[in-house]
Amino acid sequence: MNNNEIQNMTYREAIRLGMIEEMQRDDNVIFMGEDIGVYGGAFGLSQGMLEEFGEERILDTPISEAAIVGTAVGAATTGLRPICEIMFMDFVTFAMDALVNQGAKMRYMFGGQTQVPMVLRLPAGSGTGAAAQHSQSLEAWLCHVPGLKVVTPSTPAQAKGLIKAAIRDNNPVCFIEHKLLYSTEGEVPLDEDFIVEIEKTMTERPGKDVTIVTYGTLLPKAMEAAAFLAEEGIEVEILNPITLYPMDMKPIVDSVIKTGRVIVAHEAAKTGGLGGEIVARIAESEAFDYLNAPMIRLAGLDVPIPYNKELEAAVIPQKSDFIRAVYRLLDHE
Amino acid sequence: MNNNEIQNMTYREAIRLGMIEEMQRDDNVIFMGEDIGVYGGAFGLSQGMLEEFGEERILDTPISEAAIVGTAVGAATTGLRPICEIMFMDFVTFAMDALVNQGAKMRYMFGGQTQVPMVLRLPAGSGTGAAAQHSQSLEAWLCHVPGLKVVTPSTPAQAKGLIKAAIRDNNPVCFIEHKLLYSTEGEVPLDEDFIVEIEKTMTERPGKDVTIVTYGTLLPKAMEAAAFLAEEGIEVEILNPITLYPMDMKPIVDSVIKTGRVIVAHEAAKTGGLGGEIVARIAESEAFDYLNAPMIRLAGLDVPIPYNKELEAAVIPQKSDFIRAVYRLLDHE
Amino acid sequence: MIELPEKILLRMYYKMNQARFFEEKVDDLFTKGLVHGTTHLSIGQEATGVASCMALEKGDLVSLTHRGHSQAIGFGLDVNLMMAEILGKANGYCKGKGGSMHIADVRNGNLGANGVVGGGFNLSCGAALTQKYKKTGKVVLCFAGDGATNEGSFHESLNLASIWKLPIVFLIENNLYGMSTPVAKHMNIENISDRSASYDMPGLTIDGNDPLEVYNILLKALRYARAGRGPVLIEAKTYRYSGHSKSDAQDYRTREEVEEWQKRDPILKMKNYLKDNKVFTDKQILTMEEEAKDSIENALEFAMESPEPEITAVLDDVYA
Amino acid sequence: MIELPEKILLRMYYKMNQARFFEEKVDDLFTKGLVHGTTHLSIGQEATGVASCMALEKGDLVSLTHRGHSQAIGFGLDVNLMMAEILGKANGYCKGKGGSMHIADVRNGNLGANGVVGGGFNLSCGAALTQKYKKTGKVVLCFAGDGATNEGSFHESLNLASIWKLPIVFLIENNLYGMSTPVAKHMNIENISDRSASYDMPGLTIDGNDPLEVYNILLKALRYARAGRGPVLIEAKTYRYSGHSKSDAQDYRTREEVEEWQKRDPILKMKNYLKDNKVFTDKQILTMEEEAKDSIENALEFAMESPEPEITAVLDDVYA
Ligand SMILES: Cc1ncc(C[n+]2csc(CCOP(=O)(O)OP(=O)(O)O)c2C)c(N)n1
Ligand SMILES: Cc1ncc(C[n+]2csc(CCOP(=O)(O)OP(=O)(O)O)c2C)c(N)n1
Ligand SMILES: [Mg+2]
Ligand SMILES: [Mg+2]
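Residues numbered from 1 in each chain as written. Chains lettered and ligands numbered in written order. Predicted model: local features only at pLDDT ≥ 70, side-chain atom pairs only at ≥ 80, totals over all residues. Heavy atoms only, no water.

## A closer look at the overall build of chain A
Thought 1: Counting its secondary structure elements, chain A contains 12 helices and 14 strands.
Thought 2: Here chain A has a C-alpha radius of gyration of 20 Å; the compact-globule value for 333 residues is 20 Å, and the two agree.
Thought 3: Residue burial in chain A is summarised as follows: out of 333 residues, 73% are buried.
Thought 4: Pairs at least 24 apart in sequence give 83% of the contacts found in chain A among residues at least 6 apart.
Thought 5: Looking at chain A as shown, the accessible area adds up to about 9200 Å², and 47% of this sits on carbon and sulfur atoms.
Thought 6: Taking the average location of the 27 positive side-chain charges in chain A and that of its 47 negative ones, the two points are 4 Å from each other. (Helix = DSSP H or I, 4+ residues; strand = E, 2+ residues; numbered from the N terminus. Rg over C-alpha atoms; globule rule 2.2 N^0.38 Å. Buried < 20%, exposed > 50% of the residue type's maximum accessible area, 1.4 Å probe, protein only. Contact = heavy atoms within 4.5 Å. Areas by Shrake-Rupley, 256 points an atom, 1.4 Å probe, with all protein chains shown as cover. Lys, Arg positive; Asp, Glu negative; His and termini not counted. Charge placed at Lys NZ, Arg CZ, Asp CG, Glu CD.)

In structure tokens, the structure reads:
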């Protein structure tokens, strides 16, 4: 059924719709997690899904994250296509063995005998006053695990297109969601075959002076900064690697060749964050010779996320940090 | 007791000696792990320690990695200084919650009320034919966790000095050991106050043409490559950040300013590995303007570690890769 | 009928009231949007939170859950500093860095509330190992919810505590739900205390809404653990009246069920006991209640007037 | 005395011998340094490995441990391809990428040996969920060691399997040690099967060195699980004669203990049974043994002659 309509909806609703469409399309898709049934998920992502799909496909689990992910891996290798939700990304810490030592490696370790088509949904990020154990952005860990794919949408349309692509993918895909984006709105294609391809970097705004590479919850801040700078006549190009691993570097490299200046930004702690990887790849690429100024990483401070609202905000790059970094790059002779 | 003697011993023996000295020195140091008692540890690190210190201080645990690390955290906050051993670094996957959400964050989260003086020993790396679940180098994960310290010695002297420093440190320190280095020998000071300071990068070999930054089990390979190149008149400077987090960048930056060329190498998978962080930091530093060629990362392929010996070797950078990379840098006009 | 010293009864009743008022106040602050973040209220669970801690000796330690306000007050934390922490202030217990889910007073043996379900089990083993190793004669009281007993850490910790004969009392506050999931849906056994059999440790299910039963059983369990006989598992059945956290439509239970449990309210139960046995006069009881209430008003005032942390504090206390 | 069809007895005896010879050969290869890496032998445990699998129906699935050669042979894997895998060859089960610890034949229901102790529990839950969801009527047999039952994943998986009534039989090969640690030091209970009580599932301890008992109990347990009544926990007491892995000084046990168990050898026991009951003639028995032995010699030859993987294969099969 082809549907050309477009509808305004939230990021939350877009993920939910993507899951629903894929569950309607393929009986092998099931969904597991804590309080996803009657409660509808801690962040409301599965509201109404129990009624639609029943207890056989919407499986409320005990508080056993390792079992959730391990069960998904076992189900995926035997013919199902499980989606699972870890209530907060912080608790993927409990499931690292199942995810990394089993799910990610199984295909390779067994010489290609099996595939592991599963999606692990991970609500991430700070800004909710939930402190150090409920606010982390741990994507860098996952992007260091060959065998996993890692995607992270910033807009409702990306969210719908990527969750669908993730469910259809034959590999374990970590789908990182941003709590602060859940209620943001945007236009979303209703076409049931609308897919956002995995391994694709999006150009969110064209420009020629400075390249900003950012993703997730920092995208809106970068966009606001760019709008502000545009009024000053500075044209920022914004690239969003919505697949973090494996990353589509070409648009990024091309952009840096064009602008000669780049900021790489994320919410996760700076040290060991994915920014290092992106900067290193730019440095290794042909763009290196076009750089007119040192590359800048904007990232979370190297601290756990504090509770106090002002302190919490101080940890994460803000719009003003983007603006300042752009000025800094342009000042570099 | 001051002792100026120096003795030749293995890396394994050096770690063991460091632990023994610290346990003799401080009753609060205890040691927990699987099969560390009668068996003497899977890699023989605790041979004879049960006899010397008894069951109260050398604690054989059940196969419960999460409990081992969580118990260490709880003991550390209440007055002990536990060392614990995870038999293979790969199984730190089971202990990530205890380590990351508890041990690393506790001090900050509680506003400085407590400290967590513990050491987590993690035998890492490939080359033993143990395949995908017993061969990983996961240091990059740990270096992305504010609150942890991460150290990794390459020589017996470093091993002894660092394990002692780690035990005396008031923070959770991850001590990464390399299985392939256990039987390597070197001179080790017997002085009981010989400590290798945490957060110090070592210059392993001076040179002026190319900088190699590497650590752990790749150091010997880099040294061999440098010896080979020296015969060709190429002087490679080798820096070893034996504390990976927080890293002492100054000697690295100074070296790159001097040589204008740098290779960053590790065994861990390239994508998301610590090489990206190091390259990014160099790019952000004043050394950026001195670079005469793009920086090169040598690292493990982005695959799980295979069993077959030749395949396994193919994953990891070898001496010849270092040599080729140096030539490549020098060819860059 | 169990006879308890008046002093203990007084403190118990006072603190249970304090806990109730504290949480009603916190609820109010959140509802009004005056506090950032979320909170988990234990209204209805004051007996397990408070009366259990009354049975502790000086120097004993506790590990609290995300639903830890009553537990903290029971253990003797200062409501002023607790309230300041919840408001994110510089002189809160954690200098505003922890909030409701991480209230701790480590120096005095409160090892902290834990935002990770099941996160306290193995920390408690460690704290108990220290007591055993140093022969302090102290015991660790480890709180956890029913849902937490399905985490792997429950199993690993109980096993470890058992084989090492660690001085711990595991107190499971079984409030019948893990978030929205009823116990019968997350495990197949009636009494969680039956899980003690896997570790050959004593296990007991008690009425968690009866403060005197909680107190007396805890006394015995603590004595057992203190004697070096190993850990004990206690399951106290109780109920929370509020939603799981700030945002909870409570579709998973009925109004009637909540009301049924409210009839068995632990504070009411204790009040009736005190009245029926004429331990205190009605006037004395009212005074206690009013004093408890006032202490919370004062706490709020204290917290409101407390300073915000300096922004530079964001970098402090990562490392020792 | 239990009566079993001759065909089954023949296969059982043959495969137990095959497993024994296979591992003796592997031991020899490692001792001679002809194989890279390490291996965990199950010599002495052939009854739990082989006889249990004989009770499976076509289409049933298994999850194996790091000590999985007997289990794999019991399940019907081809010893040629197993040996090729151990030698790291391109036509081994895993194209030389897995080795001894990761032998798998997923398409035929062998979900693989697991290098992670306790790693198979929750994978088995997933495989069983597929069977339940697709109503295949198939059961998953999940192997694990005694030591593995102290991992959190044991607890989480048994609980999940129980509440979801998953068709799994958990078979714990209790060989009295987890590496060097005797069971009595790593848990406080006599019978691991008692842990089933925490999940309200049937639990049973059996003689793991009696192949016919193993077979018969497994038949019953599989029938129970297949009927949709939920999982079963079986503990089979057995013993390994070899060290834990390639390098093991075995200081944690006595020579006498090993010899005591060797008297209760499962292959010997079955041989005596076959002789005593005149199921097969001595000559038939000898022939079976020789055929088993030959199959291993052939396997070695096959493996030796098999090609090494292309070096470019290192990049294959990371993603589907
Ligand atoms: C490891 C982990 N998983 C999930 C959550 C989210 N969560 C917070 S409280 C809770 C329910 C806990 O249930 P229970 O242990 O019974 O305690 P109660 O809330 O009923 O006091 C959940 C699922 C969490 N904080 N930590
Ligand atoms: C998670 C994990 N921890 C530790 C190890 C190292 N190790 C391999 S086998 C083993 C002992 C396992 O004991 P048991 O479960 O009884 O099985 P057995 O070896 O006796 O067959 C250990 C500790 C591992 N492979 N995985
Ligand atoms: Mg509960
Ligand atoms: Mg065993």
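## Regarding the packing of helix H1 (residues 6-31) of chain D against helix H11 (residues 282-305) of chain D
All names here are of chain D.
Thought 1: It is at 8 Å that the axes of H1 and H11 come closest, and there the two elements cross at 40°. One finds that H1 runs oblique with respect to H11. Our pair here, H1 against H11, has a crossing hand that is right-handed. Contact with H1, carried on its side by Leu10, Tyr13, Tyr14, Asn17, Gln18, Phe21, Phe22, Lys25 and Leu29, involves Ile285, Met288, Glu289, Glu291, Ala292, Lys293, Ser295, Ile296, Glu297 and Leu300 of H11 and no other residues of that element.
Thought 2: Across the contact of H1 with H11, the residue classes break down as 11 nonpolar, three polar and five charged. (Axes fitted to C-alpha atoms, helices over the stretch in contact; angles between N-to-C directions. Parallel < 35°, antiparallel > 145°, perpendicular 65-115°, else oblique. Left-handed = near helix turned anticlockwise from the far one by under 90°. Nonpolar A, V, L, I, M, F, W, Y, C, P; charged D, E, K, R; others polar.)

## Comments concerning the site of ligand 2
Thought 1: Lining the immediate environment of ligand 2, one finds 22 residues, of which Glu65(B), His66(D), Arg67(D), Gly115(D) and Gly147(D) sit closest.
Thought 2: Of the chains in the model, those with residues near ligand 2 are chains B and D.
Thought 3: Between ligand 2 and Arg67(D), the relevant distance is 2.7 Å, taken from an oxygen atom to a side-chain nitrogen or oxygen of the residue.
Thought 4: In the environment of ligand 2, an oxygen atom lies 2.9 Å from a nitrogen or oxygen atom belonging to the side chain of Asp146(D).
Thought 5: For ligand 2, whose accessible area on its own is 580 Å², the fraction buried by protein is 98%.
Thought 6: Tallied by class, residues from the shell around ligand 2 come to nine nonpolar, eight polar and five charged. (Near = heavy atom within 4 Å. Polar contact = N/O pair within 3.5 Å; in protein donor to acceptor, adjacent residues only side chain to side chain.)

## A look at the interface of chain C and chain A
Thought 1: Taken together, the contacts link 39 residues of chain C with 34 residues of chain A.
Thought 2: Here chain C meets chain A over a buried area of about 2800 Å², counting both sides, of which 63% is carbon and sulfur.
Thought 3: Among the residues chain C hides against chain A, the three largest losses belong to His36(C), Met179(C) and Val314(C). Together they make up 24% of the total.
Thought 4: Counting across the chain C and chain A interface gives one salt bridge.
Thought 5: Residue Lys185(C) pairs with Asp60(A) through a salt bridge whose shortest N-O separation is 3.1 Å.
Thought 6: Taken together, the links from chain C to chain A amount to 17 residue pairs in polar contact (both at pLDDT 80 or more).
Thought 7: Sorting the residues of the side of chain C that touches chain A by element identifies helix H4 (79-86) and helix H7 (183-186) of chain C as the ones contributing at least two each.
Thought 8: When the residues that make up the side of chain C that touches chain A are grouped by side-chain class, the tally is 13 nonpolar, 18 polar and eight charged. (Buried area = accessible area lost by both parts, 1.4 Å probe. Salt bridge = Lys/Arg side-chain N within 4 Å of Asp/Glu carboxyl O.)

## A few points about unusual backbone geometry
Thought 1: Residues Tyr245(A) and Pro246(A) are joined by a peptide bond in cis, for which omega reads -5°.
Thought 2: Relative to the helices and strands, Pro246(A) is located in the loop between strand E12 (243-245) and helix H9 (250-259).
Thought 3: Of note in this structure, Lys95(D) is not a glycine but carries a positive phi near 55°.

## What about the coordination of the magnesium ion (ligand 3)?
Residue and element names in this part refer to chain C.
Thought 1: Coordination of the magnesium ion (ligand 3) by the protein comes from Asp146 (OD), Asn175 (OD1) and Tyr177 (O), over a distance range of 2.0 to 2.1 Å.
Thought 2: In primary sequence terms, the donor set of the magnesium ion (ligand 3) follows D-x28-N-x1-Y. Of the two residues, Asp146 sits in the loop between strand E2 (140-145) and helix H6 (152-163) while Tyr177 sits in strand E4 (residues 177-178), which places them 31 residues apart along the sequence.
Thought 3: What makes Asp146 buried here is its relative accessible area of 1%.
Thought 4: Judged by relative accessible area, which is 9%, Tyr177 ranks as buried. (Donors = N, O, S within 2.8 Å, 3.2 Å for Na, K, Ca; no water.)

## Overview of the relation of the copies chain A and chain B
Thought 1: Overlaying chain A on chain B yields an RMSD of 0.0 Å, the required transformation being a rotation through 180° with an accompanying axial translation of 0.0 Å. Viewed as a symmetry operation, the transformation between the two copies matches a two-fold axis. Of every C-alpha in chain A, the one belonging to Gly276(A) sits nearest the axis of rotation, 2.3 Å from it.
Thought 2: When the interface residues of chain A are mapped onto chain B, 100% of them are again interface residues, pointing to one common binding face. (Least-squares fit on C-alpha atoms with pLDDT ≥ 70 in both.)

## A short note on the coordination of the magnesium ion (ligand 4)
Thought 1: Listed as protein donors to the magnesium ion (ligand 4) are Asp146(D) (OD), Asn175(D) (OD1) and Tyr177(D) (O); their distances from the metal cover 2.0 to 2.1 Å.
Thought 2: Ordering the donors of the magnesium ion (ligand 4) by residue number gives the pattern D-x28-N-x1-Y.

## So, the sheet that holds strand E7 (residues 172-178) of chain B
All names here are of chain B.
Thought 1: If you trace the seven strands from one edge of the open sheet to the other, you get E3-E2-E4-E5-E7-E6-E12, paired in mixed fashion. The open sheet has two free edges, formed respectively by strand E3 (58-60) and strand E12 (243-245), since each of these has just one partner strand. Each strand of the sheet is rotated relative to its neighbour by a mean of 20°, with strand direction disregarded.
Thought 2: Sheet analysis places strand E6 (residues 149-151) next to E7, joined by three bridges and oriented parallel. Counterpart to Val150 in the pairing with E7 is Cys174. (Pairing = 2+ DSSP bridges.)

## Regarding the interface of chain A and chain B
Thought 1: Counting residues at the interface gives 49 residues for chain A, matched by 49 residues for chain B.
Thought 2: Interface area for chain A against chain B, summed over the two sides, is near 4300 Å², with a carbon-plus-sulfur share of 61%.
Thought 3: When the area that chain A buries against chain B is broken down by residue, the three leading residues are Tyr108(A), Trp141(A) and His144(A), summing to 17%.
Thought 4: Connecting chain A to chain B are six salt bridges.
Thought 5: For Arg297(A), the salt bridge is made with Glu277(B), and the minimal N-O distance between the two is 2.9 Å.
Thought 6: Where chain A meets chain B, there are 27 residue pairs in polar contact (both at pLDDT 80 or more).
Thought 7: Counting only elements with at least two residues in the side of chain A that touches chain B, the list comes to helix H4 (96-104), helix H5 (106-109), helix H6 (139-142), strand E13 (262-269) and helix H10 (274-284) of chain A.
Thought 8: It is H10(A) that provides the largest number of residues to the side of chain A that touches chain B, a total of seven residues.

## A few points about the environment of Val173(A)
Residues and elements named next belong to chain A.
Thought 1: Following the sequence through the fold, Val173 ends up in strand E7 (residues 172-178).
Thought 2: By relative accessible area, which is 1% here, Val173 ends up buried.
Thought 3: Between the C-alpha atoms of Val173 and Glu65, which are 108 residues apart in sequence, the distance is 17 Å.
Thought 4: Here Val173 is in contact with Met118, Val119, Leu120, Lys149, Val151, Ala166 and Ile198, once residues within four sequence places are set aside.

## Side note on the domain arrangement of chain A
Residues and elements named next belong to chain A.
Thought 1: Looking at chain A, the domain boundaries give domain 1 (6-189) and domain 2 (202-331).
Thought 2: Each of domain 1 and domain 2 has a C-alpha centre, and these two points are 26 Å apart.
Thought 3: Domain 1 puts 29 residues into the contact, and the matching count from domain 2 is 25 residues.
Thought 4: For the interface between domain 1 and domain 2, the tally reads zero salt bridges.
Thought 5: Counting across the domain 1 and domain 2 interface gives 12 residue pairs in polar contact (both at pLDDT 80 or more).
Thought 6: Of all the elements in the fold, those that place two or more residues in the side of domain 1 that touches domain 2 are H6, strand E6 (149-151) and helix H7 (156-168).
Thought 7: Its residues placed into classes, the side of domain 1 that touches domain 2 shows 15 nonpolar, 12 polar and two charged. (Domains from an automatic or database assignment.)

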